[in-house]
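# Summary of structural features
If you want the building blocks of each chain, they are given just below.
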Amino acid sequence: MTEENIKLPVSVVDYAKSNSINGKTILVRVDFNVPIENGVVSGDTRIKRSLDTINFLIDQKAKIILISHIEGKGGDSLRPVYDFIKNTFPVSFVEDILGEEGQTAISKLIPGEVILAENIRMYPEEKKNDIDFSKKLASLADIYVNDAFSVSHRSHASIVGVPQFVPHFAGLLLIDEIVHLQKIFHPKHPFVFILGGAKFDTKLPLIQKFLSVADHVFVGGALANDIFKAKGFNVGASLVSDMSSVQNISNQIFSMKDFIENPKLVTPSDVVVQKEGIKGVDGCVIKKTNEVLEDEVIFDSGPETVEFLKKLVSESKCVLWNGPLGNYEEGFTGPTIELAKIIAETGVDGAVGGGDTLAAINTLGDTVESKINFISTGGGAMLQYLLDETLVGIDALK
Ligand code: 3PG
């Protein structure tokens, strides 16, 4: 599929070809919800990927207001992000963009300068998509730009509210995400979809969709526990989903038996288990999937599974991957990092995304990372896009 026949929102770059944005105030929704450790940015992928749009607007001598949320474990202030970007371009930090402080800072902006506003979610109206709040935000600027693909699945004011009240365009990152992820709907074959992480019940519709598109759907991470359980294996004290919601979510008569018997569906053949109650990786053991005991917890995929994935990926012409193979937060990172390396080394077409997936990729360094065909900045947004082939934030730009 070529870029010409993908239906894209109008980008601010295209708009600027025939309309000067010199001196115009532009409200840019970015996603700087990045990992912070000890008050310092520890993963800068999303920031780096926003730079094309920001630098373009700076070059065009626009006055730029960046708005973002942050809601990670590292805190709820964007000040560490400000510290991280302040030497990259001329930027100031404003705590209350809608108050007097914001008014003054905006009135003093000179073309080519940037304001980074504090966490937009500190206003409770943001998540409620409050109409007056959206109008107030829109009134700050002449133009709105959405460059926050990774939060465009949220019906929040800064995503779907603001564009109702001001001319609106897409940023370059948003366009790039759409162009690359659209290609997945017309993949080269053999095509493998690898899905990890947790919440089988919410990810089931996506697995079902890709079982009809892909040649193989590999389900790993905690998601696989539900499948092991359905196959009659003991999963001990492992994390499983609330299956009572499955019928409602998939919105159709769903047969777990037909599902697990689908020959395209693949799950780990070996797993890393830990005794219940023990934290961390020390003392964990590798077992065949059907050998897990009552007092054990499955935390990761085993080495045989990683070898299998290596073969599967190397035989594929397109690979789509989202979500870790193990409990990344508890330190079970090895197989996920190994998979990132395998995908980078084969240089196979496709896309990868998800918070822990990005963290795994970041450990490989820029040289390996650059071999990966496309890294989506989205986690939940990527999954939602893959399911619906659009997002509320993209629709809001039409
Ligand atoms: C993400 O990290 O997936 C996005 O920034 C969206 O964050 P949210 O899940 O808090 O809306």
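That block above? That's the structure.
Residues numbered from 1 in each chain as written. Predicted model: local features only at pLDDT ≥ 70, side-chain atom pairs only at ≥ 80, totals over all residues. Heavy atoms only, no water.

## Considering the sheet that holds strand β8 (residues 168–170)
Rule in force here: We treat two strands as partners when DSSP finds at least two bridges between them. Strands are runs of DSSP state E lasting at least two residues, helices are runs of H or I lasting at least four, and both sets are numbered from the N terminus onward. Under this scheme, a helix contributes an axis fitted over its contacting stretch, all axes are lines through C-alpha atoms, and angles between N-to-C directions fall in the 0 to 180 degree range. Note on contacts: a residue pair is in contact if any heavy atoms of the two residues lie within 4.5 Å.
Reading across the sheet, the 6 strands line up as β5-β6-β4-β1-β7-β8 and stay open at both edges, with parallel pairing between neighbours. Each of the sheet's edge strands pairs with one partner strand only, and the pair in question is β5 (91–94) and β8. Mean inter-strand twist for the sheet, computed between neighbouring axes without regard to direction, equals 25 degrees. In this fold helix α2 (residues 45–59) packs onto β1 (25–29), β4 (63–67), β6 (114–117) and β7 (143–146), with an angle of close to 155 degrees to the strand it touches most, β4.

## Some words on the pattern of salt bridges
Threshold: Salt bridges are defined by distance alone: a side-chain nitrogen of Lys or Arg within 4 Å of a carboxyl oxygen of Asp or Glu. Remark: exposure states derive from per-residue accessible area (1.4 Å probe, protein chains only) relative to the maximum for the residue type, with buried under 20%, exposed over 50%, and partly exposed in between.
All told, the structure shown has 20 salt bridges when counted by the stated rule. One salt bridge connects Glu126 with Arg29, and the closest N-O pair in it is separated by 3.7 Å. With Glu126 in helix α5 (residues 125–128) and Arg29 in strand β1, this pair connects stretches of sequence that are 97 residues apart. For Arg29, a relative accessible area of 0% corresponds to the buried category. Across the pair Lys275 and Asp295 runs a salt bridge, and its minimum N-O distance is 3.3 Å.

## Focus: the site of the ligand
What counts is decided by this rule: A single heavy atom is enough: if one lies within 4 Å of a molecule or strand, its residue is considered near that molecule or strand. Two N or O atoms count as a polar contact when they lie within 3.5 Å, although within protein this holds only if one can serve as hydrogen donor and the other as acceptor, and sequence-adjacent residues are included solely when both atoms are side-chain atoms. Exposure was quantified through the Shrake-Rupley algorithm and a 1.4 Å probe, taking into account, for residues, occlusion by the shown protein chains and nothing else. The residue classification treats Ala, Val, Leu, Ile, Met, Phe, Trp, Tyr, Cys and Pro as nonpolar and Asp, Glu, Lys and Arg as charged. All others, Gly included, are polar.
Taken together, Asp31, Asn33, Arg46, His69, Glu71, Arg121, Ser150 and Arg154 make up the full set of residues near the ligand. Side-chain polar atom of His69 to an oxygen atom of the ligand: 3.0 Å apart, as the coordinates give it. Measuring from an oxygen atom of the ligand, one finds a side-chain N or O atom of Arg121 at 2.8 Å. Protein chains shield 78% of the accessible area of the ligand, which is 310 Å² for the free molecule. A class-by-class count of the residues in the shell around the ligand yields no nonpolar, 3 polar and 5 charged.

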